[in-house]
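Listed below, chain by chain, are the residues.
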Amino acid sequence: MRHGKKVNHLGRTASHRKAMLANMATSLILHKRIKTTVAKAKALKKYVEPLITRAKAENNTTIEKSTHNRRVVFSYLRNKEGVKELFSTVAEKVGDRPGGYTRIIKLGQRYGDAAEMCLIELVDFNETLLQESTAKKKRTRRKSKKTTEAAAEVETKETKEEAAGNNEASSEEE
């Protein structure tokens, strides 16, 4: 029985698992998205999200706490470039997000061994999804198209009347 055992061992020893997760986390931070198996992506998500939270908290605190957070993150990642990128670019981009910094997109099965493959990416760095979300128009179900067009016509009539009234008032002043 595996009561209370929350760590996915991924078929590796503890040292191999820690090294692999550190390398994958650094790659994710530097490249913003990586392709891997679903099991590794889920383990990586648990590994990297607390590190991003530490980096985000560093931007809102004093120098002393930031040094501590950088050292703690470095003990996990073991890569200076990854820490630098995390605390500068990534922390600024996710500053207002309360959590959920990564997204897992399933891709299907790998040809050789039929392992479930996926993309794991940092949420705020996918520019195509960000553009699509801003491009979509939000409409409520209660307002029909006719009522919105009628409201727009009324609004344009009112603005024309106001503009005409302003022109008359300015000509009277002269």
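In this text the structure is predicted, and so the values were computed from the model without any measurement.

A. Representation of the overall build of the chain within the structure. Helices and strands together make up the secondary structure of the chain, namely six helices and three strands. Counted from the first residue to the last, the chain has its helices and strands arranged as α-β-α-α-α-β-β-α-α. A total of 174 residues make up the chain; the buried ones form 29% of that total. Long-range contacts, defined as pairs at least 24 residues apart, comprise 59% of the intrachain contacts of the chain with a sequence gap of at least 6. Split by element, the accessible area of the chain, about 12,800 Å² in all, is 52% carbon and sulfur.

B. Summary view of the packing of helix α1 (residues 14-31) against helix α4 (residues 80-93). Viewed as axis vectors pointing N to C, α1 and α4 meet at an angle of 45°, and their least axial separation amounts to 9 Å. One way to sum up the angle between α1 and α4 is to call them oblique. Here α1 runs over α4; the crossing is left-handed. Contacts between α1 and α4 involve T26, I29 and L30 on the former and, on the latter, E81, G82, E85, L86 and V90. For the contact of α1 with α4, the per-class residue count stands at four nonpolar, two polar and two charged.

C. Region of the structure containing the pattern of salt bridges. Taken as a whole and assessed by the stated rule, the structure comprises six salt bridges. A salt bridge links E121 to R33; the shortest N-O distance between them is 2.9 Å. Taken together, the residues span a long stretch of sequence, with E121 in strand β3 (residues 116-122) and R33 in strand β1 (residues 33-37) at a distance of 88 residues. With a relative accessible area of 1%, E121 lands in the buried category. Note that E127 is salt-bridged to K93, the shortest N-O span being 3.7 Å. Residue E127 is located in helix α5 (residues 127-135), and its partner K93 is located in helix α4; the two are separated by 34 residues in the primary sequence. Given the relative accessible area of 42%, E127 is considered partly exposed. Members of the salt-bridge network, linked through shared partners, are R33, R103 and E121.

D. Local environment of the sheet that holds β1. Strand order in the open sheet formed by three strands is β1-β3-β2, with antiparallel pairing between adjacent strands. The strands lining the two open edges of the sheet, one partner per strand, are β1 and β2 (102-109). When the angles between neighbouring strand axes are averaged without regard to direction, this sheet yields 25°.

E. Molecular detail of the environment of H9. Within the secondary structure, H9 sits in the segment before α1. Overall, H9 belongs to the partly exposed group, its relative accessible area being 45%. Distance from H9 to A39, taken between C-alpha atoms, is 9.8 Å for residues 30 residues apart in sequence.

How each quantity is defined
Residues numbered from 1 in each chain as written. Predicted model: local features only at pLDDT ≥ 70, side-chain atom pairs only at ≥ 80, totals over all residues. Heavy atoms only, no water. Helix = DSSP H or I, 4+ residues; strand = E, 2+ residues; numbered from the N terminus. Buried < 20%, exposed > 50% of the residue type's maximum accessible area, 1.4 Å probe, protein only. Contact = heavy atoms within 4.5 Å. Areas by Shrake-Rupley, 256 points an atom, 1.4 Å probe, with all protein chains shown as cover. Axes fitted to C-alpha atoms, helices over the stretch in contact; angles between N-to-C directions. Parallel < 35°, antiparallel > 145°, perpendicular 65-115°, else oblique. Left-handed = near helix turned anticlockwise from the far one by under 90°. Nonpolar A, V, L, I, M, F, W, Y, C, P; charged D, E, K, R; others polar. Salt bridge = Lys/Arg side-chain N within 4 Å of Asp/Glu carboxyl O. Pairing = 2+ DSSP bridges.

Functional significance is not addressed by these values, which are geometric in nature.
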